[in-house]
Amino acid sequence: MVAAITLNPGEVTLGELERLYREGDPVSLSPDTRPFIEASADIIAKAAAGDAPVYGVNTGFGKLASVRIAPEDAATLQRNLIRSHCCGVGAPVDDAITRLTMILKLISLGRGASGVRWAVVDLLQAMLARGISPVIPSQGSVGASGDLAPLAHMTAAMIGEGEATFQGEVMPAADALAKAGLAPITLGPKEGLAMINGTQFSTALALAGLFEAWRLGVTGLITSALSTDAIMGSTAPTRPEIHALRGHAGQIESAAAIRALLAGSEIRESHREDDTRVQDPYCIRCQPQVTGACLDLLRQAARTLEIEANAATDNPLVVIEDGSIISGGNFHAEPVAFAADQIALAVAEIGSISQRRIALMVDPAMNFGLPAFLSPKAGLNSGFMIAEVTSAALMSENKQRAAPASVDSTPTSANQEDHVSMAAHAARRLIEMNENLARIVGIELLCAVQGVEFRAPLSTSDRLARVVNRVRAEIAGLVDDRILAPDIERAAGMVRDGTIVATAGIETLPQLQT
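Here's a quick rundown of the structure.

Here is what the cut-offs are and how they apply
- Residues numbered from 1 in each chain as written.
- Predicted model: local features only at pLDDT ≥ 70, side-chain atom pairs only at ≥ 80, totals over all residues.
- Heavy atoms only, no water.
- Axes fitted to C-alpha atoms, helices over the stretch in contact; angles between N-to-C directions.
- Helix = DSSP H or I, 4+ residues; strand = E, 2+ residues; numbered from the N terminus.
- Parallel < 35°, antiparallel > 145°, perpendicular 65-115°, else oblique.
- Contact = heavy atoms within 4.5 Å.
- Nonpolar A, V, L, I, M, F, W, Y, C, P; charged D, E, K, R; others polar.
- Phe/Tyr/Trp six-rings, centres within 6.5 Å; stacked < 30°, edge-to-face > 60°.
- Buried < 20%, exposed > 50% of the residue type's maximum accessible area, 1.4 Å probe, protein only.
- Lys NZ or Arg CZ within 6 Å of the ring centre and 35° of its normal.
- Pairing = 2+ DSSP bridges.
- Salt bridge = Lys/Arg side-chain N within 4 Å of Asp/Glu carboxyl O.
- 1 Å grid on protein atoms, 1.4 Å probe; cavity = no way out; pocket = protein on both sides within 12 Å on 5 of 7 lines; lining within 4 Å.
- Points joined across faces, edges and corners; volume = space filled by probe spheres on them.
- Polar contact = N/O pair within 3.5 Å; in protein donor to acceptor, adjacent residues only side chain to side chain.
- Expected span 1.5 Å × (residues − 1).
- Arc of directions from axis to C-beta.
- Left-handed = near helix turned anticlockwise from the far one by under 90°.
- Core = buried A, V, L, I, M, F, W, Y, C linked by side-chain atoms within 4.5 Å.

Time to look at the packing of helix H1 (residues 14-23) against helix H9 (residues 200-230). Relative orientation of the contacting elements H1 and H9 amounts to 95°, with a least axis distance of 10 Å. Taken together, H1 and H9 sit at an angle that is classed as roughly perpendicular. Judged by residue contacts, Leu14, Leu17, Glu18, Tyr21 and Arg22 of H1 engage Leu207, Ala208, Leu210, Phe211, Glu212 and Arg215 from H9. Tallied by class, the residues present in the contact of H1 with H9 amount to seven nonpolar, no polar and four charged.

As structure tokens, this is what we get:
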């Protein structure tokens, strides 16, 4: 049985979050958080019984914050908040995103600043443990005041409303709770607001985009090394001296990885002398500079998202040390929007340089003796001609989608919420962008393997030969034209699921956390 990951709010790592996202490991909040959670709940309970207006506790919400709510209407206020905010539209996000959203909310509540009772935390943990996944539509959040609509759909399941997935079946949330042996909760003062104020939906999407982008970027280093051997490119541009003179960590690590991947290649050794070419095109020569910069950018985004994953981001927040309840703006997801934009830029650029290597390999004027479009019977056959066109189409889609979302804003809620982050869809686009990138890198993988095989009897390095053999175990070489779409999907799958990284088996591949 897999041991549960104990969440220590403020200290949860990217590695733990990736494991929870990819593997779905059991999770529980550290019991050390309970005294702080209960202390903040007591402060809210006293405020709810008092005469002083406290936003979201005994007042309405947003533009209606000036409307006082009687103590006997506190539960109705919170229930109506959830119902009224369930306005999400579009296809539901997958269960892995929903589960990560729930985990991030659990971490946020665990900071002891949200004022919810332990019973709320306990139900959220129980739903995670028993596999109840609320159905959350993918659209409807502008990233301030928090991810209101998506988190309302998540919370609706906790009060027995809306829909949830349980044991692979979508059903009314009340039925899912009952089948799992759980009961819906009646929300107390501020609890509905604590659940829907926050950046957890945007952050979950951005983290998923980050984890996928990193794996694809590192895989791109492997395919770039294969492409270098396929076109008989030089490894001189990967020498450590020039990268040390610049100093960027991602560039230094990328160059080291490519050197290690190509070490021992007969193809490389065969043209060290008397090669009439002076320099390779940028897509070969500048791989460390481009992919390395992308990896550095992803690490910057990772630092932001790790902080955000551990943050209390609802409103108002409770300071248990002095009993104050402070209205602020931690729900504004600007940091997440910026991080998502950074990830999108990196994804677009990793795909851009990969696509140029594909174009290089299929071009007989540039590929140093490989047959046109990598077909042994070019003319009668078109080989990888249209696979390259597909990669260009995907590259251009990603470039268009990489335009920053964070610079957009529109006033909402009768101008009370007059500047918003657009973090949710800044992060949501990363799902499709990464799908595109996986296919671009998959097409490069197919072309590079084919190109390296044309260099026989010269062989590539042992590490890259393992990759070639692994690909050929699933995808035959292209001799006569055939429908390539299934091959592209299989190659993309091997890129996406980490098969290529595992097969290369190289310890010097860059790591997300250094």
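Let us keep going from here.
For any pair of aromatic rings, the description consists of the separation of the ring centres together with the inter-plane angle of the planes. What the rule picks out here adds up to two aromatic pairs. When the ring of Tyr21 is compared with that of Phe211, the centres are 6.0 Å apart and the planes differ by 35°; the resulting orientation is tilted. Residue Tyr21 is located in helix H1, and its partner Phe211 is located in helix H9; the two are separated by 190 residues in the primary sequence. Phe211 matches Tyr21 in its accessibility class, with the two residues each being buried. Judged by centre distance (6.3 Å) and plane angle (90°), the rings of Tyr55 and Phe61 are edge-to-face. With a relative accessible area of 16%, Phe61 lands in the buried category. Here the basic side chain of Arg277 rests over the ring of Phe368, its NZ or CZ set 3.5 Å away from the ring centre.

What follows concerns the sheet that holds strand E7 (residues 169-172). Strand order across the open sheet formed by three strands is E4-E6-E7, with antiparallel pairing between neighbours. In this open sheet, the two edge strands, each paired with only one partner strand, are strand E4 (133-134) and E7. Note: E4 against strand E6 (residues 163-166), two bridges, orientation antiparallel. Residue pairing for E6: Pro134 is matched across the bridge by Ala164.

Overall, the coordinates contain 24 salt bridges when judged by the stated rule. Residue Arg470 is joined to Glu474 by a salt bridge in which the shortest nitrogen-to-oxygen separation is 2.9 Å. The salt bridge partner of Asp487 is Arg482, with a shortest N-O separation of 2.7 Å. For Arg482, a relative accessible area of 33% corresponds to the partly exposed category. In this structure, a network of salt bridges that share partners links the residues Glu435, Arg439, Glu489 and Arg496.

The next subject is empty space enclosed by the protein. Applying the stated criterion to the full structure yields two cavities of 30 Å³ or more. Taken as a whole, the largest cavity encloses approximately 50 Å³ of empty space. Along its surface, the largest cavity is lined by Phe384, Leu446, Gln450, Arg472, Ile475, Ala476, Gly477, Leu478, Arg482, Leu484 and Asp487. Class assignment of the residues belonging to the lining of the largest cavity gives a composition of six nonpolar, two polar and three charged. Its boundaries defined by the atoms lining it, the second largest cavity holds a volume of some 30 Å³.

Along the chain, the position of Asp314 falls in the loop between helix H14 (287-309) and strand E8 (317-319). Within the structure, Asp314 has its side chain in polar contact with the side chain of Ser114 (distance 2.7 Å). Engagement of the side chain of Asp314 in a polar contact is seen with the side chain of Lys190, the distance being 2.6 Å. Setting aside residues no more than four positions away along its own chain, Asp314 makes contact with Ser108, Ser114, Lys190, Leu193, Ala194, Asn197, Gly198 and Asn330.

Spanning 12 residues, helix H19 (residues 485-496) covers 16 Å between terminal C-alpha atoms, matching the ideal 16 Å at 1.5 Å per step. Backbone geometry just downstream of H19 places Gly498 in the positive-phi region, at approximately 90°.

All of the buried residues along H1 are Leu14, Leu17, Leu20 and Tyr21. Looking straight down H1, one finds that the buried residues subtend no more than 130° of arc, so they occupy a single side.

This brings us to the environment of Ala96. Along the chain, Ala96 turns up in helix H4 (residues 95-109). Along the sequence, Ala96 and Asn197 sit 101 residues apart, while their C-alpha atoms lie 21 Å from each other.

Where H1 contacts H4, the two axes come as close as 9 Å, and the packing angle between them is 145°. Our pair here, H1 against H4, has a crossing hand that is right-handed. Of the residues in H4, those touching H1 at Leu17, Leu20 and Tyr21 are Ala96, Ile97, Arg99, Leu100, Ile103, Leu104 and Ile107. Grouping the constituent residues of the contact of H1 with H4 by class yields nine nonpolar, no polar and one charged.

Our focus in this paragraph is the nonpolar core. Among the nonpolar cores identified, the biggest contains 149 residues, and Leu7, Leu207 and Leu210 are the most heavily contacted of them. The residues contacting Leu207, other than those within four sequence positions of it, are Leu14, Leu17, Leu100, Leu104, Leu305 and Ala309. Of all hydrophobic cores here, the second largest spans seven residues; its members include Ile43, Ala47, Ala48 and Val54.

Bringing the pairing of E7 into the picture now. The side chains of a regular strand alternate, first on one face of the sheet and then on the other. Inspection of the sheet shows E6 paired to E7 by four bridges, in the antiparallel sense. Bridged to Ala164 within E7 is Met171.

Counting through the fold element by element, Pro371 comes out in the loop between helix H15 (334-362) and helix H16 (385-401). Taking the C-alpha atoms as reference points, Pro371 and Phe454, separated by 83 residues in sequence, lie 8.6 Å from one another.

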